[in-house]
Amino acid sequence: MGILDPTRGGWHVRVTLGQRPARLFADQAGAIIDEAAREAVALGSLRIWPEMARRVPTGASGALAASVLPSAPVGALGTYTADVGPTGAPAMYAYWADQGRGPGGMPPEQPIAYWAQARLGTSDPAVVYAIRRKIAQRGTTGSRFVDRTVSEAGPDVARAMAALVRLRATTI
């Protein structure tokens, strides 16, 4: 019911909840917050997606960057997750592109031959062998695109997610 209270700036509504309405309100509020959490995760994954795709090494074909996609949020009761990252066949290469590899065994021939053809214009077996041998001796340096995405874009994405949850909470 509306009341007139000059100390509160005039006409306003005062809401008082008893025990039973408070339980109903809590159930509705929980559903709103739960939906807000799902929306925030979806927003976060859609915001982080282009940031990660921008930082992924292009490689020989650009397939790794093109394969970066967000998943739909999954979960329940206010706890949701969504993955963003390379999908399909390029996902197998993503770890090595991100983390690099130490010296040791030779990498597989086919991906190196593909890279040599795309970047050097040759797939000569001697050239491919030389590249594989050099990688086996020295290893490779990873691009750290996952860490860079999180450290550079993560704070802005987290703020956007928090703002969405706050906005939805004001509708309760």
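Residues numbered from 1 in each chain as written. Predicted model: local features only at pLDDT ≥ 70, side-chain atom pairs only at ≥ 80, totals over all residues. Heavy atoms only, no water.

(A) How the structure looks around the overall build of the protein chain. Helix and strand content of the protein chain: six helices and eight strands. Along the protein chain, from the amino end to the carboxyl end, the secondary structure elements read β-β-α-α-β-β-β-β-α-β-α-α-β-α. Counting all 172 residues of the protein chain, 25% fall into the buried class. Within the structure as shown, the protein chain displays about 11,200 Å² of accessible surface, and the carbon and sulfur contribution to it stands at 60%. (Helix = DSSP H or I, 4+ residues; strand = E, 2+ residues; numbered from the N terminus. Buried < 20%, exposed > 50% of the residue type's maximum accessible area, 1.4 Å probe, protein only. Areas by Shrake-Rupley, 256 points an atom, 1.4 Å probe, with all protein chains shown as cover.)

(B) Summary view of the packing of aromatic side chains. All chains considered together, the criterion is met by one aromatic pair. With centroids separated by 4.9 Å and ring planes inclined at 85 degrees, the aromatic side chains of Y95 and W96 adopt a geometry described as edge-to-face. (Phe/Tyr/Trp six-rings, centres within 6.5 Å; stacked < 30°, edge-to-face > 60°.)

(C) Up close: a nonpolar patch on the surface. On the surface, a cluster of nonpolar side chains totalling about 270 Å² of accessible area is made up of L46, W49 and L69. Checked against the element boundaries, L69 lands in strand β3 (residues 68-70). Under the relative-accessibility criterion, L69 is labelled partly exposed at 40%. (Patch = residues over 30% accessible without salt bridge, like charges linked within 9 Å, V, L, I, M, F, W, Y side chains within 5 Å. Salt bridge = Lys/Arg side-chain N within 4 Å of Asp/Glu carboxyl O.)

(D) Focus on the nonpolar core. Core analysis: the biggest nonpolar cluster contains eight residues, these being M52, V56, L64, A65, V68, A94, A97 and F145. Core analysis: the second largest hydrophobic core is formed by five residues, I112, A113, A116 and I135 among them. (Core = buried A, V, L, I, M, F, W, Y, C linked by side-chain atoms within 4.5 Å.)

(E) Structural detail: the confidence of the model for the protein chain. Confidence in the prediction for the protein chain averages 76 pLDDT; 80% of positions are at 70 or higher. Element-level mean pLDDT values for the protein chain span from 35 in strand β2 (residues 10-13) up to 95 in helix α5 (residues 125-138). In the model, residues 1-22 has pLDDT below 50 throughout and makes 15 contacts with residues more than four positions away in sequence or in other chains. (pLDDT = per-residue confidence, 0-100. Contact = heavy atoms within 4.5 Å.)

(F) Focus on the environment of A162. Position of A162 relative to the elements: it lies in helix α6 (residues 145-169). For A162, a relative accessible area of 32% gives the class partly exposed. Counting along the chain gives 118 residues from A162 to G44, while the straight-line C-alpha distance between them is 9.8 Å.

(G) Representation of helix α3 (residues 91-99) in the model. Of all the residues in α3, the buried ones are A94, A97 and D98. Down the axis of α3, the sector holding all buried residues measures 90 degrees, keeping them to one side. Count one or two residues on from α3 and you reach G100, which has phi positive near 75 degrees. (Arc of directions from axis to C-beta.)

(H) Quick peek at the side chain of R132. Take R132: it is sitting in helix α5. It is E109 that comes nearest to the buried, bridge-free R132 among opposite-charge side chains, at 4.2 Å. Residue contacts for R132: discarding those within four places in its chain leaves M106, P107, P108, E109 and I112. (Lys, Arg positive; Asp, Glu negative; His and termini not counted.)

(I) Geometry of the packing of helix α4 (residues 109-120) against α5. For the pair α4 and α5, the least separation of the axes is 9 Å and the interaxial angle reads 115 degrees. One finds that α4 runs roughly perpendicular with respect to α5. Relative to α5, α4 is oriented so that their crossing is right-handed. Side by side, α4 and α5 meet where E109, I112, A113, W115, A116 and L120 of the first sit next to V127, V128, I131, R132 and I135 of the second. Per-class residue counts for the contact of α4 with α5 are nine nonpolar, no polar and two charged. (Axes fitted to C-alpha atoms, helices over the stretch in contact; angles between N-to-C directions. Parallel < 35°, antiparallel > 145°, perpendicular 65-115°, else oblique. Left-handed = near helix turned anticlockwise from the far one by under 90°. Nonpolar A, V, L, I, M, F, W, Y, C, P; charged D, E, K, R; others polar.)

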